[in-house]
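Spelled out, the chains give:
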Amino acid sequence: MKKSHTSVGPFNLYSIEAGRFRLDGGAMFGVVPKTLWSRYIDVDDKNRIHMAMRCLLIESKNTDKLYLIDNGSGTKFDEKFEQIYQLDYEHSDLLSSLEQYGFTPEDITDIIFSHLHFDHCGGTTYYDDNGDLQHTFPNAIYHVTKKQLETATDPNAREKASFLSDNINPIKNWDKLNVVEAHHQYENGLEALPVNGHTLGQQLPKISANQKTVIFAADLIPTHVHLPLPWVMGYDMYPVTTLEEKQRYLDQAVEDNWYLFLEHDADQEVVTVKKENGKYAVDEKLKLNDISN
């Protein structure tokens, strides 16, 4: 794993790779035909595309807080599950990625969950040698939106498979759980944008300082290939809402030159966006290292 980090005003930002996995390409692109999306992204013999679990670590010089945005799928899976999703921790893993920047799990003061699907929150806990469930980040406050916590604890039949009890229950019962409302401000320069198309109560952390803005795009825009408005995941609960949210935030990204930090893109870490002939496209492909303070 190569280090990728930068500073934006009072915030040090670190790219944290928590492993790789694969998901069905058809599900990832919804109604978009394979003949279109497969031009831009590789697919294996089981129709799966390669995906990252890329988290973001935010070190605040103003508050001395160390925020971790999401934490990947974790390790609480049997062999069948690992085979289905082709979980790959040889590429990278959460703890090693933290360690390369000199951090330990005990250093994390806050975890901001974009949402609670297994590939975003599974690293919160692990099974120890005795088979007991332990918290990976024992000193961290957990931040999750009220809507998402309600959805995760009482999911509909379609979304239920993404909310695993071994992930959700320890978060729900954590004594340092902080349930936030939509559009929450964590501190000056760090807030969360509300989105509800993929799942109710998803939040996209936004870091703003020195006329620069970095957006943790989570599952609103999982890869750079998902920039076109109709290219919406089949996993989204409310695809029309996703369309509206994408258009609103992409317009703002173009106007204000936002840097979009991509959680699931196996190849691209950060992109900026342009709009040509009414269509959104990648302007620049970057690493955090390329963003100067």
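Residues numbered from 1 in each chain as written. Predicted model: local features only at pLDDT ≥ 70, side-chain atom pairs only at ≥ 80, totals over all residues. Heavy atoms only, no water.

1. Details of unusual backbone geometry
Now for step 1: Positive phi is not limited to glycine here, since Gln86 has a value of about 50°.
Now for step 2: Taking relative accessible area as the criterion, Gln86 reaches 31% and is therefore assigned partly exposed.
Now for step 3: Residues other than glycine seldom take positive phi values, yet Asn210 does so here, at roughly 50°.
Now for step 4: By the element assignment, Asn210 lies in the loop between β12 (202-209) and β13 (212-216). (Buried < 20%, exposed > 50% of the residue type's maximum accessible area, 1.4 Å probe, protein only. Helix = DSSP H or I, 4+ residues; strand = E, 2+ residues; numbered from the N terminus.)

2. A look at the packing of aromatic side chains
A ring pair, where both rings are aromatic, is described by two values, the distance of the centres and the angle of the planes.
Now for step 1: For the structure shown, the criterion picks out 15 aromatic pairs.
Now for step 2: Ring centres of Tyr14 and Phe103 lie 5.3 Å apart, and the angle between their planes is 75°; on these two criteria the pair is classed as edge-to-face. Highlighted residues: Tyr14 in strand β2 (residues 11-24) and Phe103 in the loop between α4 (94-99) and β5 (110-112), separated in sequence by 89 residues. For the pair shown, Tyr14 and Phe103 are each scored as buried.
Now for step 3: Plain terms: the ring middles of Phe81 and Tyr85 are 4.6 Å apart, the flat faces sit at 40° to each other, and that makes the pair tilted. Here the residue Phe81 and the residue Tyr85 both occupy positions in helix α3 (residues 79-85), the gap between them amounting to 4 residues, near one helical turn.
Now for step 4: With relative accessibility at 21%, the residue Tyr85 sits in the partly exposed group. (Phe/Tyr/Trp six-rings, centres within 6.5 Å; stacked < 30°, edge-to-face > 60°.)

3. A closer look at the pairing of strand β3 (residues 48-60)
Now for step 1: Within β3, 11 of the 13 residues are buried, leaving the element largely enclosed by the surrounding structure.
Now for step 2: Note that β2 and β3 share 12 bridges and pair antiparallel. Counted as the bridge partner of Glu17 is Arg54 from β3.
Now for step 3: The pairing of β3 with strand β4 (residues 66-69) spans 4 bridges and is classified as antiparallel. From the neighbouring strand, Ile58 faces β4, where its bridge partner is Tyr67. (Pairing = 2+ DSSP bridges.)

4. Here's the deal with the side chain of Thr213
Now for step 1: Inspection of the secondary structure assignment puts Thr213 in strand β13.
Now for step 2: A polar contact of 3.2 Å, which involves the side chain of Thr213, links it to the side chain of Ser208.
Now for step 3: Other than its neighbours up to four places away in sequence, Thr213 contacts Lys206, Ile207, Ser208, Trp258 and Tyr259. (Polar contact = N/O pair within 3.5 Å; in protein donor to acceptor, adjacent residues only side chain to side chain. Contact = heavy atoms within 4.5 Å.)

5. Notes on the sheet that holds strand β11 (residues 190-195)
Now for step 1: The strand order β10-β11-β12-β13-β14-β15-β16 describes an open sheet built from 7 strands, whose pairing is mixed. Two strands in the sheet have a free side with no partner beyond their single neighbour: β10 (185-187) and β16 (279-286). Pairs of neighbouring strands in the sheet enclose a mean axial angle of 30°, with direction left out of account.
Now for step 2: Examined bridge by bridge, β12 and β13 share 4 bridges and lie antiparallel to one another. Bridge assignment links Lys206 to a residue of β13, and that residue is Ile215.
Now for step 3: Helix-sheet contacts for helix α8 (residues 239-256) involve β11, β14 (259-261), β15 (270-276) and β16, and the interaxial angle to β15 is about 95°. (Axes fitted to C-alpha atoms, helices over the stretch in contact; angles between N-to-C directions.)

6. So, α8
Now for step 1: Between its first and last C-alpha, α8 extends 25 Å over 18 residues, near the 26 Å set by a 1.5 Å rise per residue.
Now for step 2: Along α8, the residues that are buried comprise Thr242, Glu245, Lys246, Tyr249, Leu250 and Ala253. With its buried residues spanning 125° around the axis, α8 presents them on a single face. With respect to the buried face of α8, the exposed residues turned more than 90 degrees away are Val240 and Glu255.
Now for step 3: Elements that come into contact with the buried residues of α8 comprise β11, β14, β15 and β16.
Now for step 4: Positive backbone phi, approximately 55°, marks Asn257, located one or two places after α8. (Expected span 1.5 Å × (residues − 1). Arc of directions from axis to C-beta.)

7. Some points on the environment of Asn289
Now for step 1: Considering the arrangement of structural elements, one finds Asn289 in the segment after β16.
Now for step 2: Of the residues examined, Asn289 reaches a relative accessible area of 42% and is grouped as partly exposed.
Now for step 3: Sequence separation of Asn289 and Ser15 is 274 residues, and the distance between their C-alpha atoms is 9.6 Å.
Now for step 4: In contact with Asn289, other than residues within four places in its own chain, are Lys3, Ser4 and His5.
Now for step 5: Engagement of the side chain of Asn289 in a polar contact is seen with the backbone oxygen of Lys3, the distance being 3.2 Å.

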